[in-house]
Amino acid sequence: MAVPLRALLCPTQAPAHLLLRAPARLCLAGTQFQYLVVEKKGEKQNVGVIQLNHPKALNALCDGLMNEMNQALNDFEDDPHIGAIVITGSEKAFAAGADIKGDADQNFPGMLRGQFPCTLEQSLSGQEASHSSCEWIFSGQWL
Ligand SMILES: CC(C)=CC(=O)SCCNC(=O)CCNC(=O)[C@H](O)C(C)(C)COP(=O)(O)OP(=O)(O)OC[C@H]1O[C@@H](n2cnc3c(N)ncnc32)[C@H](O)[C@@H]1OP(=O)(O)O
C-alpha cells in the first residue's frame, strides 16, 4: 500500500500501519541519536528499525527528532543491505504528533501550512519515481 508521507504526518489521515517505498543507498555506522534508537535487525541484519525515543513528551515530533529521523532514514536508504525500514514507537505511544510545547518555530498554523513535514518529505521527494528496493513500515498508533 503506497500512502503519501503527508498523510502519515497528519494524524487525522494516518492509519495505524503504513507502507511506503523508497530506494536503497548506503548506511553510515555509529551515528548517535538523542531522540531515536536505531538498529539493524533480522537474521540477515537487513531490517532497519527506527524507534522513536522521546518518552517525556510521548514521542512528540520535535525538530530534533525530525532531523534525526531524516538522517536515520537517509542512512538506511543509502545502505544497500537494508531491505526494509520499520518505524516504531514505545509501549505507551507511537507519537503524540507535533511537539506543541518545545518547538517555538513550529506553531500550529505553520504546521498546517505544511512546513512541518518538509524535512522528512524532502528525503523522499522524487524518489517514488526511481527504482525502489526498500520497504518502509510504520508500526504503531497515533494518539
Ligand atoms: C503533525 C501535525 C502537522 C500536527 C499535529 O500533530 S497536531 C497534534 C499535536 N498533538 C497533540 O495535540 C496531542 C497533545 N497531547 C495530548 O492530548 C495528551 O498528551 C495525550 C492524549 C496524547 C496523552 O495524554 P496522557 O494523559 O496519557 O499524557 P500527558 O500527561 O498529557 O502527557 C505526558 C507528557 O507528554 C507531554 N506531551 C504530550 N503530547 C505532547 C506533544 N504533542 N508535544 C509536547 N509534549 C507533549 C505532556 O505535556 C506531558 O509532559 P509533562 O508531564 O512534562 O507535562
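One can find the structure itself at the top, above this paragraph.
Residues numbered from 1 in each chain as written. Predicted model: local features only at pLDDT ≥ 70, side-chain atom pairs only at ≥ 80, totals over all residues. Heavy atoms only, no water.

J.: Looking at this model, I keep getting lost on helix H2 (residues 63-77). Mind explaining?
T.: For an α-helix, 3.6 residues make a turn, and residues three or four places apart therefore share a direction. Compared with an ideal rise of 1.5 Å per residue, which puts 15 residues at 21 Å, H2 spans 21 Å between its outermost C-alpha atoms and is within 8% of the ideal. Of all the positions in H2, only Leu65, Met66, Glu68, Met69, Asn70, Ala72, Leu73, Asp75, Phe76 and Glu77 are classed as buried. (Helix = DSSP H or I, 4+ residues; strand = E, 2+ residues; numbered from the N terminus. Expected span 1.5 Å × (residues − 1). Buried < 20%, exposed > 50% of the residue type's maximum accessible area, 1.4 Å probe, protein only.)

J.: Quick question: what am I supposed to make of the nonpolar core here?
T.: Side chains of a nonpolar character, in soluble globular proteins, are inclined to be buried together. Within the largest apolar cluster, 18 residues are counted, with the highest numbers of intra-cluster contacts made by Leu36, Ile50, Leu52, Leu65, Met69, Ile85 and Ile87. Contributions of two or more residues to this core are made by strand E3 (47-52), H2 and strand E4 (84-88). The biggest single contributor to this core is H2, with 6 residues. (Core = buried A, V, L, I, M, F, W, Y, C linked by side-chain atoms within 4.5 Å.)

J.: Looking at this structure, I do not really get the pattern of salt bridges. What am I missing?
T.: As a working rule, side chains carrying opposite charge can pair if their charged atoms are close by. Enumeration over the complete set of coordinates arrives at 2 salt bridges. Of the charged contacts, one joins Lys41 and Glu39 as a salt bridge, the two residues approaching to 3.6 Å between their closest N and O atoms. Residue Lys41 is classed as partly exposed on the basis of its relative accessible area, which comes to 39%. Judged by relative accessible area, which is 34%, Glu39 ranks as partly exposed. Lys40 serves as the salt-bridge partner of Asp79, at 2.8 Å between the closest nitrogen and oxygen. (Salt bridge = Lys/Arg side-chain N within 4 Å of Asp/Glu carboxyl O.)

J.: What should I look at first to understand the environment of Asp63 in this one?
T.: With respect to the secondary-structure elements, Asp63 resides in helix H2. Distance in space between the C-alpha atoms of Asp63 and Asp99 is 8.2 Å, their sequence separation being 36 residues.

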